[in-house]
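Coordinate analysis (summary)
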Amino acid sequence: KSEQFNWDDYLKETESVAAPLHCFRQSRIPPTNDFKVGMKLEAHDPRNVTSVCIATVIGITGARLRLRLDGSDNKNDFWRLVDSSDIQPIGTCEKKGGMLQPPLGFQMNASSWPMFLLRTLNGAEMAPAAFFKKEPPKPVPNCFKVGMKLEAIDRKNPYLICPATIGDVKGDEVFVTFDGWRGAFDYWCRCDSRDIFPVGWCSLTGDALQPPGNNVSITKSSAKIQSSPSKVTRRSMQSPQKSAPVPAQRSRKPGRGKPPGQSAV
Ligand code: MLZ
């Protein structure tokens with residue numbers, strides 16, 4: 001096709017480097033995804049992480065599963081890697097002496113949960129234990145550097161994996177900035193987050209990597225770009241190493257609220 005995103009070209013154009021594989025809590029070779037739509041498993045409720053619930057695989061994308069908690073609505077789907085410690089085969093919770101819980105926002109009366117659980121598991125296709133892969137170990141210490149490129153989940157649109165740049169590093173945390181989106185989707189996360197991947201991850205898993213956005217940050221460093229009409233329509237090529245000054249919102253401390261002027265899209 002005409003304009004496909006290509007990391008090799010992009011790294012050259014932006015004169016940047018990919019974050020090394022060993023920085024990430026991801027396996028060097030992405031785990032194979034053997035799951036099928038409709039299979040059931042146990043998952044920690046993302047909105048109530050101490051609860052273990054029954055989930056159904058609603059979709060498959062690369063090494064990830066799109067999951068929906070049984071008894072929940074269709075507005076709270078979430079995505080997990082097949083080697084996530086948040087998911088396990090049906091029976092695991094009971095084996096450990098735990099009890100399966102209704103999801104937050106269980107659509108029926110709480111008293112109908114035991115019967116609902118029996119019905120939802122009756123005749124269900126349970127994902128085999130061999131489909132669940134071991135979570136890779138945590139990398140220590142944080143070896144990310146400002147300016148390194150990566151692929152990252154857009155937490156506002158978690159089905160999307162997008163080209164991103166490390167915008168800041170503080171202790172065990174990194175600031176993930178999305179190329180071409182003027183900061184609207186950026187977030188702080190731990191360096192061992194399962195939401196960030198090395199360059200090339202999507203092409204290995206067969207997931208679709210989104211192209212960078214078209215929005216160029218309005219900062220002094222982009223003034224040159226604006227004076228050259230032929231370049232105005234080019235993609236933003238964020239490279240914090242070369243584009244000081246960093247906009248104020250980029251230098252936020254971890255754990256604070258959204259930057260101003262941010263709108264969900
Ligand atoms: N609906 C949005 C998606 C933006 C995704 C950005 N990811 C970093 C839009 O197209 O504007």
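Right, let's walk through the structure included here. From a predicted model like this one, the values you see are computed outputs, not experimental measurements.

1. Looking at the overall build of the protein chain
Each helix and strand in the protein chain was counted, giving six helices and 10 strands. Scored against the burial criterion, the 265 residues of the protein chain give a buried share of 48%. Counting only contacts in the protein chain whose residues sit at least 6 apart along the sequence, the fraction spanning at least 24 positions is 63%. Put simply, the protein chain shows about 14100 Å² of open surface, and 55% of that area lies on carbon and sulfur atoms.

2. Describing the nonpolar core
Of all hydrophobic cores here, the largest spans 28 residues; its most connected members are Phe 144, Ala 152, Val 174, Val 176, Phe 178, Tyr 187 and Ile 196. At the level of secondary structure, the elements contributing two or more residues to this core comprise β6 (149–153), β7 (161–170), β8 (173–178), β9 (187–190), β10 (196–197) and α4 (201–205). Looking at which element gives the most residues to this core, the answer is β7, with four residues. Excluding residues that lie within four positions of it along the chain, Ala 152 makes contacts with Leu 160, Ile 161, Cys 162, Ala 164, Val 176, Phe 178, Tyr 187, Asp 195 and Ile 196. Judged by nonpolar contacts, the second largest core, of 16 residues, contains Cys 53, Leu 65, Phe 78 and Phe 132.

3. Observations regarding the pattern of salt bridges
On inspection of all chains with the given rule, the structure shows 15 salt bridges. One network of salt bridges, in which partners are shared, links Arg 25, Asp 83, Glu 135 and Arg 194.

4. Remarks on the packing of aromatic side chains
Taken as a whole and assessed by the stated rule, the structure comprises 14 aromatic pairs. With 5.7 Å between their ring centres and 65 degrees between their planes, Trp 7 and Tyr 10 make a pair best called edge-to-face. Taken as a pair, Trp 7 and Tyr 10 lie in helix α1 (residues 7–13) at a separation of three residues, close to a single helical turn. Measuring from ring centre to ring centre gives 5.5 Å for Phe 35 and Phe 131, while their planes differ by 70 degrees; the resulting arrangement is edge-to-face. Residue Phe 35 is located in the loop between α1 and β1 (40–45), and its partner Phe 131 is located in the loop between α3 (113–121) and β6; the two are separated by 96 residues in the primary sequence. Of the two residues, Phe 35 and Phe 131, neither departs from the other in class, the shared state being buried.

5. Observations regarding α3
Burial in α3 covers these residues: Trp 113, Phe 116, Leu 117 and Thr 120. On an axial view of α3, the arc spanned by its buried residues comes to 100 degrees, and they lie on one face. Across from the buried face of α3, at angles greater than 90 degrees, the exposed residues are Pro 114, Leu 118 and Arg 119. Where α3 is buried, its residues meet β1 and β2 (48–61). Positive phi shows up at Gly 123, right after α3, with a value of about 75 degrees.

6. A few points about the state of the cysteines
By the definition in use, this model includes one disulfide. Free cysteine: Cys 191, not disulfide-bonded; nearest cysteine sulfur from Cys 143 at 7.6 Å. We classify Cys 191 as buried; its relative accessible area is 3%.

7. Digging into the side chain of Arg 25
Among the secondary structure elements, Arg 25 is positioned in the loop between α1 and β1. Of the residues examined, Arg 25 reaches a relative accessible area of 14% and is grouped as buried. Looking at Arg 25, its side chain comes within polar contact range of the main-chain oxygen of Pro 136, at 2.7 Å. Excluding residues within four positions of it along the chain, Arg 25 makes contact with Glu 135, Pro 136, Pro 137, Lys 138, Pro 139, Asp 192 and Arg 194.

Criteria and cut-off values
- Residues numbered from 1 in each chain as written.
- Predicted model: local features only at pLDDT ≥ 70, side-chain atom pairs only at ≥ 80, totals over all residues.
- Heavy atoms only, no water.
- Helix = DSSP H or I, 4+ residues; strand = E, 2+ residues; numbered from the N terminus.
- Buried < 20%, exposed > 50% of the residue type's maximum accessible area, 1.4 Å probe, protein only.
- Contact = heavy atoms within 4.5 Å.
- Areas by Shrake-Rupley, 256 points an atom, 1.4 Å probe, with all protein chains shown as cover.
- Core = buried A, V, L, I, M, F, W, Y, C linked by side-chain atoms within 4.5 Å.
- Salt bridge = Lys/Arg side-chain N within 4 Å of Asp/Glu carboxyl O.
- Phe/Tyr/Trp six-rings, centres within 6.5 Å; stacked < 30°, edge-to-face > 60°.
- Arc of directions from axis to C-beta.
- Disulfide = S-S within 2.5 Å.
- Polar contact = N/O pair within 3.5 Å; in protein donor to acceptor, adjacent residues only side chain to side chain.

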